[in-house]
Amino acid sequence: MTALALMVACQTVATNDAELVASKKEFLLAQSGFKVITVTTPKQQQAVSGLAQGRCSAVKYNGKLYYVYPTGTKDRIYVGRQKQFNAYKQALANQQGQQQMAGQSLMPTLETAGPNHIEVQQFGGFGPMGVAAMGDY
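These numbers were taken from a predicted model, which means no experiment stands behind them.

Caption draft 1: Local environment of the overall build of the chain. Across its full length, the chain carries 3 helices and 5 strands. Order of helices (α) and strands (β) in the chain, N terminus to C terminus: α-β-α-β-β-β-α-β. Sorting the 137 residues of the chain into buried and exposed places 35% on the buried side. Excluding contacts between residues fewer than 6 apart, the proportion of contacts in the chain whose partners are at least 24 apart in sequence is 68%. Carbon and sulfur atoms form 56% of the exposed surface of the chain, whose accessible area is close to 7,900 Å².

Caption draft 2: Here's a closer look at the pairing of strand E2 (residues 57–61). Of all 5 residues in E2, 4 are buried, a share of seventy percent or more. Pairing geometry for E2 and strand E3 (residues 64–70), over 5 bridges, is antiparallel. Residue Val-59 lies in a different strand from E3, and its bridge partner there is Tyr-66. A loop of 2 residues connects E2 with E3, the two strands running antiparallel in sequence, and Asn-62 in this loop sits at a positive phi of about 50°.

Caption draft 3: Highlighting helix H2 (residues 42–49). For H2, every residue scored as buried is listed here: Gln-44, Ala-47 and Val-48. Taken end-on, H2 shows its buried residues confined to a sector of 95°, consistent with a single buried face. Of the exposed residues in H2, the ones pointing more than 90 degrees away from its buried face are Pro-42 and Gln-46. On its buried face, H2 sits against strand E1 (35–38), E3 and strand E4 (76–80).

Procedures and definitions
- Residues numbered from 1 in each chain as written.
- Predicted model: local features only at pLDDT ≥ 70, side-chain atom pairs only at ≥ 80, totals over all residues.
- Heavy atoms only, no water.
- Helix = DSSP H or I, 4+ residues; strand = E, 2+ residues; numbered from the N terminus.
- Buried < 20%, exposed > 50% of the residue type's maximum accessible area, 1.4 Å probe, protein only.
- Contact = heavy atoms within 4.5 Å.
- Areas by Shrake-Rupley, 256 points an atom, 1.4 Å probe, with all protein chains shown as cover.
- Pairing = 2+ DSSP bridges.
- Arc of directions from axis to C-beta.

Given below as structure tokens:
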């Protein structure tokens, strides 16, 4: 029974660490200028479910490059362009440097998405709202 209790405790810590990393990333994405879009339609949900969890994916929509990060519940996505992605990578690198100096490392390696690593050639996850709701991006 003691072993079972320890396994459950370790799993809870691992889940909390994963949630902590995700919330830190979401904070950095918002701070870097990414916009949040709520996933509402089945078509959007299907497109978002195909994205990698826990990192930005480079996608094309109507010939333009976007970076998309799905939340853990996949009910919202963070969307940015190259400028916002560059700011996010810089903020993530700064965060990792601070953690390494403090002897911690909660953040995994840097994001590898980029204009030469497009994962989805025609992303349908913006749906009827489109990216027009994001303003002049």
